[in-house]
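Observations on the model geometry
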Amino acid sequence: LAQIGKRCLVLEQGEQLGGGSHVFSEAGYEFETGVHYLGEDPQMEALLSFLTVGRLKMASIGTGANNEADGGTAPKMYDNIMIEEDEYNFVQGEAKLVEMLCRAFPSSEDKERITKYMAELKAYRTQKTQASATMFFRLKVPKALPAWLRALLQSAMGNPWYEYTQITLEDLLLRNGIDPASRLGSVLIGQYGDSGVRPDKCSAMMHLG
């Protein structure tokens, strides 16, 4: 706002400015209180650059698994799903993630499910879906419209993005042939904690970002 000539007053209850961007340490562990990773989104990156006057630099995330052994060339791991004695490393890059999943779940049926699920994730990131999200939020603005009409227009003109707000993360798995209670399902929803809501309550939109 200051960049476009508006006078601003920033109020902060905490000890330092930053809100959800704070990082703190406790018992030797580092905790990030807000968003700690973002997907590729040119529009978002442009907005963040504007808001920070170009000072925010996006960085590659994750830790280099087995970096010493491979000379630091291995893809960085950004999440690690642990179920009993098994570990599933989520590493950078769609191809590497699919490779890990197919190696862990080698049956032809599971590979088909993984392919179908990944195709839906890619569809969510298309310009068409993101444009429908923009339309959905634009329709929230005109308060002159009756609430029922605004909701009707949002559901009609905000698709396909609106649909993802109406189904849960578990629903998303089920329609791709994946049992949420299966080992594959558990791995795919293993990041649900990012949303702070159980998979049977979390909207697919929230999980997909």
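Each remark here, short or long, concerns the structure printed above.
Everything numeric in this text was worked out from a predicted model, so none of it was measured.

What counts as what
- Residues numbered from 1 in each chain as written.
- Predicted model: local features only at pLDDT ≥ 70, side-chain atom pairs only at ≥ 80, totals over all residues.
- Heavy atoms only, no water.
- Helix = DSSP H or I, 4+ residues; strand = E, 2+ residues; numbered from the N terminus.
- Polar contact = N/O pair within 3.5 Å; in protein donor to acceptor, adjacent residues only side chain to side chain.
- Pairing = 2+ DSSP bridges.
- Buried < 20%, exposed > 50% of the residue type's maximum accessible area, 1.4 Å probe, protein only.
- Contact = heavy atoms within 4.5 Å.

Take Ser132: it is sitting in helix α5 (residues 127-138). Of note is the side chain of Ser132, whose polar atom sits 2.6 Å from the backbone oxygen of Thr129.

Glancing now at the pairing of strand β2 (residues 29-32). Every regular strand shows the same layout, with side chains that alternate between the two sheet faces. Direction of pairing for strand β1 (residues 23-26) relative to β2: antiparallel, over a ladder of four bridges. Among the inter-strand pairings, Val23 is bridged to a residue of β2, identified as Glu32. Where β1 folds back onto β2 in an antiparallel hairpin, the turn is made up of two residues, including Ala27, whose phi is positive at roughly 55°.

In this section: the environment of Ala181. Here Ala181 shows up in the loop between α8 (169-174) and α9 (183-188). With ten residues separating them along the chain, Ala181 and Asp171 place their C-alpha atoms 12 Å apart.

For Thr129, the location among the structural elements is in helix α5. Using a relative accessible area of 3% as the deciding quantity, one classes Thr129 as buried. Setting aside residues up to four positions removed in sequence, Thr129 forms contacts with Ala123, Tyr124, Pro160 and Trp161.

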